[in-house]
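Here are the chains, one letter per residue:
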Amino acid sequence: MTTERVYLRQPEASDFEAWAALRAISRQHLQPWEPSWAEDALSREGFRRRLTWFDRLRRFDQGNGFFIFDRRNDTLLGGITLSNLRRGASQCGELGYWMGRPHAGQGYMTEALQACTAWCFSELGLHRVEAATLPENQPSQRLLLRAGYKPEGVLRGYLKINGAWRDHRLYARLLSD
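Notes on the structure follow. (Residues numbered from 1 in each chain as written. Predicted model: local features only at pLDDT ≥ 70, side-chain atom pairs only at ≥ 80, totals over all residues. Heavy atoms only, no water.)

### Some thoughts on the packing of helix 4 (residues 108-122) against helix 5 (residues 138-146)
Okay, step 1: One way to put it is that helix 4 packs onto helix 5 with a least axis distance of 9 Å and a crossing angle of 50 degrees. Judged on the interaxial angle alone, helix 5 and helix 4 are oblique. The handedness of the crossing between helix 4 and helix 5 comes out as right-handed. Here helix 4 contributes Met109, Thr110, Leu113 and Gln114 to the contact with helix 5, which in turn contributes Leu143, Leu144 and Arg146.
Okay, step 2: When the residues that make up the contact of helix 4 with helix 5 are grouped by side-chain class, the tally is four nonpolar, two polar and one charged. (Axes fitted to C-alpha atoms, helices over the stretch in contact; angles between N-to-C directions. Helix = DSSP H or I, 4+ residues; strand = E, 2+ residues; numbered from the N terminus. Parallel < 35°, antiparallel > 145°, perpendicular 65-115°, else oblique. Left-handed = near helix turned anticlockwise from the far one by under 90°. Contact = heavy atoms within 4.5 Å. Nonpolar A, V, L, I, M, F, W, Y, C, P; charged D, E, K, R; others polar.)

Shown next, in the form of structure tokens:
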């Protein structure tokens, strides 16, 4: 997937150093919004587990993981993961995303999210794509609105974030939107 300023591709083992460095300098920026990090979260073994999980998602048609890169210089900017892919009558999946602190607020994620959403509809044949955000995460909510997602309600105790079960606001975009 390619946009004006970014491209998305599946992570590779050779991405480890750039990924670990970006996550390390972005830790304080990311941790309030994410599940608790494992002690070895930034280790090579932790990265291998992440790649294995992405591979399993793809192989079993449950989702896919992508890294986001700057087209000008191939700098790693962040990532998007499609998970909980549901087929049959639902044809739905959930997107999660993160942007490294140095690159946040520059519109990269808007482009990446729009491209990934379009890919979900065109390549995977989904009818619905969902994303959930903590109620206080205003930047993420604005991002979803810019990308054409609509607010749908509150999911009580939806995800364990930073050690606590937290409510989330659900947003979704339909193929027909």
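### Regarding the pairing of strand 2 (residues 64-70)
Okay, step 1: Counting buried residues in strand 2 gives seven out of seven residues, a clear majority hidden from the surface.
Okay, step 2: Residue alternation in strand 2 divides its side chains into two sets, Asn64, Phe66, Ile68 and Asp70 and Gly65, Phe67 and Phe69, and both sets are buried.
Okay, step 3: Sheet analysis places strand 2 next to strand 3 (residues 76-86), joined by six bridges and oriented antiparallel. Its bridge partner being in strand 3, isoleucine 68 is matched across the sheet by glycine 78.
Okay, step 4: Taking the residues between adjacent antiparallel strands as the criterion, strand 2 and strand 3 are bridged by five residues, where aspartate 74 takes a positive phi near 60 degrees. (Buried < 20%, exposed > 50% of the residue type's maximum accessible area, 1.4 Å probe, protein only. Pairing = 2+ DSSP bridges.)

### Observations concerning the nonpolar core
Okay, step 1: In this structure, Leu8, Ile68, Ile80, Leu95 and Tyr149 are the most contacted members of the largest nonpolar core, which totals 26 residues.
Okay, step 2: Put simply, the parts of the chain that give this core at least two residues each are strand 1 (6-9), strand 2, strand 3, strand 4 (92-99), helix 4, strand 5 (128-133) and helix 5.
Okay, step 3: Here this core gets eight residues from one element, more than from any other, and that element is helix 4.
Okay, step 4: The next biggest cluster of nonpolar side chains, apart from the first, holds 16 residues, and it includes Phe16, Trp19, Ala41 and Phe47. (Core = buried A, V, L, I, M, F, W, Y, C linked by side-chain atoms within 4.5 Å.)

### Remarks on the pattern of salt bridges
Okay, step 1: In total, this model carries 16 salt bridges according to the counting rule given.
Okay, step 2: In this structure, aspartate 61 and arginine 87 form a salt bridge, with 2.9 Å as the shortest nitrogen-oxygen distance. Here the residue aspartate 61 occupies a position in the loop between helix 3 (44-59) and strand 2, and arginine 87 occupies one in the loop between strand 3 and strand 4, the gap between them amounting to 26 residues.
Okay, step 3: Here aspartate 61 falls in the partly exposed class, since its relative accessible area comes to 35%.
Okay, step 4: A salt bridge links arginine 166 to glutamate 136; the shortest N-O distance between them is 2.7 Å. One end of the pair, arginine 166, is in strand 7 (residues 164-174); the other, glutamate 136, is in the loop between strand 5 and helix 5, with 30 residues separating them in the sequence. (Salt bridge = Lys/Arg side-chain N within 4 Å of Asp/Glu carboxyl O.)

### Looking at the packing of aromatic side chains
Okay, step 1: Per the stated rule, a full pass over the model turns up seven aromatic pairs.
Okay, step 2: Residues phenylalanine 47 and phenylalanine 67 carry aromatic rings whose centres are separated by 6.3 Å and whose planes lie at 35 degrees to one another, so their mutual orientation is tilted. Taken as a pair, phenylalanine 47 in helix 3 and phenylalanine 67 in strand 2 lie far apart in primary sequence, 20 residues in all. Exposure class is identical for phenylalanine 47 and phenylalanine 67. Each is buried.
Okay, step 3: The structure contains a cluster of three or more aromatic residues connected by ring pairs, namely Phe16, Trp19, Phe47 and Phe67.
Okay, step 4: The ring of tryptophan 98 has arginine 23 lying over it, and the distance from NZ or CZ to the ring centre is 4.7 Å. (Phe/Tyr/Trp six-rings, centres within 6.5 Å; stacked < 30°, edge-to-face > 60°. Lys NZ or Arg CZ within 6 Å of the ring centre and 35° of its normal.)

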